[in-house]
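# Coordinates in review
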Amino acid sequence: MASPDVKSLAATLHEPPDWRNPMHTFIAETAGFERTELLIWNFSREATDVLLFRVIGPIDPYRQAIEQAQFVTDHDLTTIDNDSFYAYVEHETRDLDRQLRDSFEGKYVVLVPPVIYHADGTTRLRIVGRSTALESVIAAVPEAIDVTVESIGEYRGPSRGALDLTDRQREVAQIAVEMGYYDVPRNASVGDVAARLECAASTVSDHLRKAERAVMSGLFG
């Protein structure tokens with residue numbers, strides 16, 4: 001029997017604001033948050049989702065927001081370090097969530113954690129499965145959600161790297177690479193990259209620091 005043609009697909013979802021989970025909207029609209037990573041989930045209950053997140057950002061504002069979220073039925077937050085925490089969440093299953101999950105129903109695919117919710121409002125995910133099934137998943141995503149396929153290829157393990165980057169972080173990092181910022185010896189400074197992007201050097205430095213953190217975290221866990 002021939003082996004199935006299995007591939008890995010990385011994609012970015014651009015959900016309209018009225019589709020987003022309210023806590024993702026909170027992340028997108030609140031200063032200090034970088035991203036939320038959905039590490040594992042249980043959708044077996046008919047009307048309740050059980051989820052475990054790692055959140056990169058301050059815990060106190062998040063606690064205040066989730067305590068006021070009416071769709072959340074229970075939660076528990078555990079500090080990891082000064083910049084991140086785990087969030088165990090039980091919440092009512094939204095109809096919009098069901099519509100997106102229906103895209104995966106009955107297909108030879110698996111969703112590889114983490115699913116990453118960025119502060120720019122985008123969601124990034126990786127799917128592994130038969131090539132034809134991957135195509136059918138993308139085609140079945142509700143029309144209201146804009147899907148950008150970032151890459152398709154062999155699955156080579158859980159390293160996330162570039163999948164963790166926001167669009168702006170990816171743009172800044174790519175320009176830095178092109179200009180020689182990462183060459184040895186270095187051929188461009190933060191100021192040079194900032195001039196090319198027509199923004200402040202402090203902004204470039206912040207984007208590069210976050211991009212490097214995301215890539216290193218993807219490589220080393």
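Look up a bit, the structure's there.
Now for a quick tour of the structure. Just so you know, these numbers come straight off a predicted model, no measurement behind them.

### Looking at the sheet that holds strand S2 (residues 35–42)
Sheet architecture is open: eight strands sit in the order S4-S5-S3-S2-S6-S7-S1-S8, paired in antiparallel fashion. Each edge of the open sheet is held by one strand with a lone partner, namely strand S4 (72–81) and strand S8 (146–153). Put simply, the sheet's adjacent strands are angled 20 degrees from each other on average, direction ignored. Summarising the sheet, strand S6 (residues 109–118) and strand S7 (residues 122–130) pair through six bridges and their orientation is antiparallel. When the bridges of S7 are listed, Val110 appears paired with Val128. Its contacts with the sheet place helix H4 (residues 131–140) against strand S1 (6–14), S6, S7 and S8, and it is angled at close to 150 degrees to S7.

### Examining the environment of Pro142
If you trace the backbone, Pro142 turns up in the loop between H4 and S8. Judged by relative accessible area, which is 12%, Pro142 ranks as buried. Once you skip the residues sitting within four places of it in the chain, Pro142 turns out to touch Trp19, Gln99, Leu100 and Ser103.

### Remarks on the packing of aromatic side chains
Applying the stated criterion across every chain yields a total of seven aromatic pairs. Plain terms: the ring middles of Phe53 and Tyr117 are 6.4 Å apart, the flat faces sit at 65 degrees to each other, and that makes the pair edge-to-face. Linking Phe53 in strand S3 (residues 48–56) with Tyr117 in strand S6, this pair joins segments that are 64 residues apart in sequence. Between Tyr181 and Tyr182, the ring centres sit 4.9 Å apart and the planes meet at 85 degrees, which makes this aromatic pair edge-to-face. Seen from the ring of Tyr181, Arg186 lies directly overhead, with NZ or CZ sitting 3.9 Å from the centre.

### Re the pattern of salt bridges
Considering all chains together, one arrives at eleven salt bridges under this definition. Two residues, Arg63 and Asp60, come together in a salt bridge whose shortest N-O distance is 3.1 Å. Taken as a pair, Arg63 and Asp60 lie in helix H2 (residues 59–68) at a separation of three residues, close to a single helical turn. Taking the relative accessible area as the measure of exposure, Arg63 reaches 29% and is therefore partly exposed. A relative accessible area of 45% means that Asp60 is categorised as partly exposed. Between Arg196 and Glu178 there is a salt bridge whose closest N-O contact spans 3.6 Å. Of this pair, Arg196 sits in helix H6 (residues 190–197) while Glu178 is found in helix H5 (residues 167–179), placing the two residues 18 residues apart along the sequence. On the basis of relative accessibility, which here comes to 47%, the residue Arg196 falls in the partly exposed class. In this structure Glu178 comes out as partly exposed when scored by relative accessible area, which is 48%.

Rules behind the numbers
- Residues numbered from 1 in each chain as written.
- Predicted model: local features only at pLDDT ≥ 70, side-chain atom pairs only at ≥ 80, totals over all residues.
- Heavy atoms only, no water.
- Pairing = 2+ DSSP bridges.
- Helix = DSSP H or I, 4+ residues; strand = E, 2+ residues; numbered from the N terminus.
- Axes fitted to C-alpha atoms, helices over the stretch in contact; angles between N-to-C directions.
- Contact = heavy atoms within 4.5 Å.
- Buried < 20%, exposed > 50% of the residue type's maximum accessible area, 1.4 Å probe, protein only.
- Phe/Tyr/Trp six-rings, centres within 6.5 Å; stacked < 30°, edge-to-face > 60°.
- Lys NZ or Arg CZ within 6 Å of the ring centre and 35° of its normal.
- Salt bridge = Lys/Arg side-chain N within 4 Å of Asp/Glu carboxyl O.

Taken by themselves, the reported measurements are silent on function.
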